[in-house]
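Chain by chain, the residues:
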There are 2 protein chains.
Amino acid sequence: MNKPTIRIKDIAQKANVSIGTVDRVLHNRGRVSEEVRVKILQIIEELDYQPNMIARTLGTNRTYRIAALIPDGTIDPYWQESQNGIEKAGKELQIYGVQITQYRFNQHDVQAFIDQATALAQANLDGILVAPVFYRESLPFFEQWHALSIPFVLFNTQIEESNSLSYIGQDAFQSGSLAGKLLHYGQPEGCTFLVAHIAEDIANSAHLLGKEKGFRAYFSQQPALASSYKVISADLKKPGDISFFHQLDRLLDHYPDMKGIFVTTSKAYEIATYLQHTPERNIRLVGYDLLEKNLAFMEEGLIDFIINQNPQGQGYWGIQFLADHLVFKKKVALRKNLPLDIITRENLAYYLEAAQ
Amino acid sequence: MNKPTIRIKDIAQKANVSIGTVDRVLHNRGRVSEEVRVKILQIIEELDYQPNMIARTLGTNRTYRIAALIPDGTIDPYWQESQNGIEKAGKELQIYGVQITQYRFNQHDVQAFIDQATALAQANLDGILVAPVFYRESLPFFEQWHALSIPFVLFNTQIEESNSLSYIGQDAFQSGSLAGKLLHYGQPEGCTFLVAHIAEDIANSAHLLGKEKGFRAYFSQQPALASSYKVISADLKKPGDISFFHQLDRLLDHYPDMKGIFVTTSKAYEIATYLQHTPERNIRLVGYDLLEKNLAFMEEGLIDFIINQNPQGQGYWGIQFLADHLVFKKKVALRKNLPLDIITRENLAYYLEAAQ
DNA sequence: TTGTAAGCGTTATCAG
DNA sequence: CTGATAACGCTTACAA
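Computed from a predicted model, the values in this text were never measured in an experiment. (Residues numbered from 1 in each chain as written. Chains lettered and ligands numbered in written order. Predicted model: local features only at pLDDT ≥ 70, side-chain atom pairs only at ≥ 80, totals over all residues. Heavy atoms only, no water.)

Let us now look at unusual backbone geometry. You will see that A:N124, though not glycine, has its phi angle at about 55°, which is positive. Structurally, A:N124 can be placed in the loop between α6 (110-120) and β3 (127-130). Given the relative accessible area of 63%, A:N124 is considered exposed. The backbone of B:R31 shows a phi angle near 55°, a positive value even though the residue is not glycine. By the secondary structure assignment, B:R31 is in the loop between α2 (19-26) and α3 (34-47). (Helix = DSSP H or I, 4+ residues; strand = E, 2+ residues; numbered from the N terminus. Buried < 20%, exposed > 50% of the residue type's maximum accessible area, 1.4 Å probe, protein only.)

Turning our attention to the relation of the copies chain A and chain B. When chain A is fitted to chain B, the best match, at an RMSD of 0.3 Å, comes from turning it 180° and sliding it 0.1 Å along the axis. On the angle and the small slide along the axis, the relation comes out as a two-fold axis. For chain A, the smallest separation between a C-alpha atom and the rotation axis is recorded for A:G186, amounting to 2.4 Å. (Least-squares fit on C-alpha atoms with pLDDT ≥ 70 in both.)

With that settled, the discussion passes to the UniProt feature "domain: HTH lacI-type" (unreviewed entry) in chain A. As annotated by UniProt and renumbered to match this structure, "domain: HTH lacI-type" (unreviewed entry) occupies residues 6-60 of chain A. Counting secondary structure, residues 6-60 of chain A comes out at 67% helix and 0% strand; the distance between its end C-alpha atoms is 20 Å. (UniProt positions renumbered as here; feature names shortened; annotations may be inferred.)

On to the protein's contact with DNA strand C, then. In the neighbourhood of DNA strand C, 25 residues make up the surrounding shell, with A:R24, A:S33, B:I8, B:D23 and B:Y49 lying closest. The contact atoms of DNA strand C, taken as those within 4 Å of the protein, divide so that sugar and phosphate hold 68%. One nitrogen or oxygen atom from the side chain of B:R29 is found 3.1 Å from a phosphate oxygen belonging to DNA strand C. Note that a phosphate oxygen of DNA strand C is positioned 2.7 Å from one of the side-chain N or O atoms of B:Y49. For the surface near DNA strand C, the elements supplying multiple residues, two or more each, are α2 (19-26) and α4 (53-59) of chain A together with α2 and α4 (53-59) of chain B. Across the surface near DNA strand C, the residue classes tally to nine nonpolar, 10 polar and six charged. (Near = heavy atom within 4 Å. Polar contact = N/O pair within 3.5 Å; in protein donor to acceptor, adjacent residues only side chain to side chain. Nonpolar A, V, L, I, M, F, W, Y, C, P; charged D, E, K, R; others polar.)

Okay, structure coming up:
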């Protein structure tokens, strides 16, 4: 039952060499005769040697410098959560020599992103975690990092052709399908649903469109539903502004059978505010993220379900993956899909609690 | 930004003593003059010394023996998941000297539980993780462990007066309320709901009743609902047997407006099997746990939602808490409520994936 | 191509 | 009461 925990010393003994030699083959440092190399490798195999990582990090007194390139959390609470996750991982990994520096940029300011991404380059980094909210502007940096062979992990927004070590996030398409299910569930008869994008630059944020596709697919893939449910989408600008309300007025007038709205961003509260000041139409609302404002409306019953994108978890796992790669030399998955948590009034508390 | 990571050597220097002395005050081993003790303590405070746990575990070459007392996973896949979680934590903690032995018992055999719990006592343990599925029979062992000052953590089933270090699980009451919400959501008019307990010995499993209470509370706490929804409960025996079907026949005959069934155990598939062989009544079904059989019915649309009790996570965190207490000397929470995950066809994949 | 020895931060033993 | 010192398993010069 209790294996006697075999050390590199044991391997050395069995092979009649010194630990130095074993170490050299362990790390492919060369300068070992092919003959003993094979022999040692075989013994390692046979004994199923597992390096003691904790002794290793103590031995190599090295540190790993990781940069987190991420929107400023003081501007948007969503990103504050990510920062928390990054910090949490940082604390856990500190003893392994992991040092994290956050490079924060204003998410509405492309230049700020470019500036921070440029600033990174000076830092002599071992790894980078990045939330590439600006698609076009991210690409050149990916190339640069790739050329420098600095491993980088993407989170929140996936970009396929990035050469990244991994992507942490959610499946936008499936997330949209889930929203479809939640709006449709228990709906007594056919009706119209609105997919509302409330963002600055939709073209530059592919995952919002992925959500819409998934939402539409939920209905189109089930023949019974395809005929009785209609899905429209709208690009709503300037939330809070009076024009925002007018846009919604027009939509609701035009589709009197509208029974549900799916907000593809974390701004469901903007629609909830509108619905609150409008005659009761019994419209369901599904959106993203556990922001204070959304939670308040969920409490009031104006928002039925929230899908948790788990920004904190995304930051946390992004750092963990980088550490797995850098310090633990583990192979990391090309992609980690975080679960699509369905939040409602009754189970909210435990997701907030888990975020500690 | 980069604190210079202070070591016990630094403290010793600053206090003009040797590291041996510092170590002694760090561990309250005595044999230190009060004068230097205070001085060292003050320096530690001042420099905010954080022991390097990884060096510590290397130094003290000690191991920690933890026992997991848990139902046999080969009998019930639910518990297999818990075993997986325990093993996962075990692997992660191995390098810290944590050794886990699982003591498995047949969950339908009280004597098997007693035998295993008794066997434990021989093992000279540092900690115990237990799923106390037998309420009455667990109590004497809790006392015994408490007397021996062996810290123990409960999971899955809470027992208040146990003196346990912590409890890992879910809030049964809130879980029931959530089920209420899921059955009620979008229900066009008043109806009857059935709370179905499918278990051997309900009196001995308090959390099933907690779920029922929560379910009833969901309706009774909202005056608008209290009048139009009726909740009944039933204790169903011998699933699979013909008598099981008869019980259900009778209930459905008696309550023609029954629109939903909440199964408080993981046996929703038993009801789904019944509904499949019965004229379509459009009855919603909500139950627990991602068992193969449940998932198959969810795929077919017979089960709408499953609440995930996350048996794997329970096992995992149970071990982690014990390790936090034993090896990392961290204070652990008296209770950890795992989130009430809502699973439906559209988000299932990611919960299965996360279980790796 | 190989072996030796010092060092990582901590614990634990043992002599003063 | 106190201070050296070996040990934990591994890395990394450096010497042979």
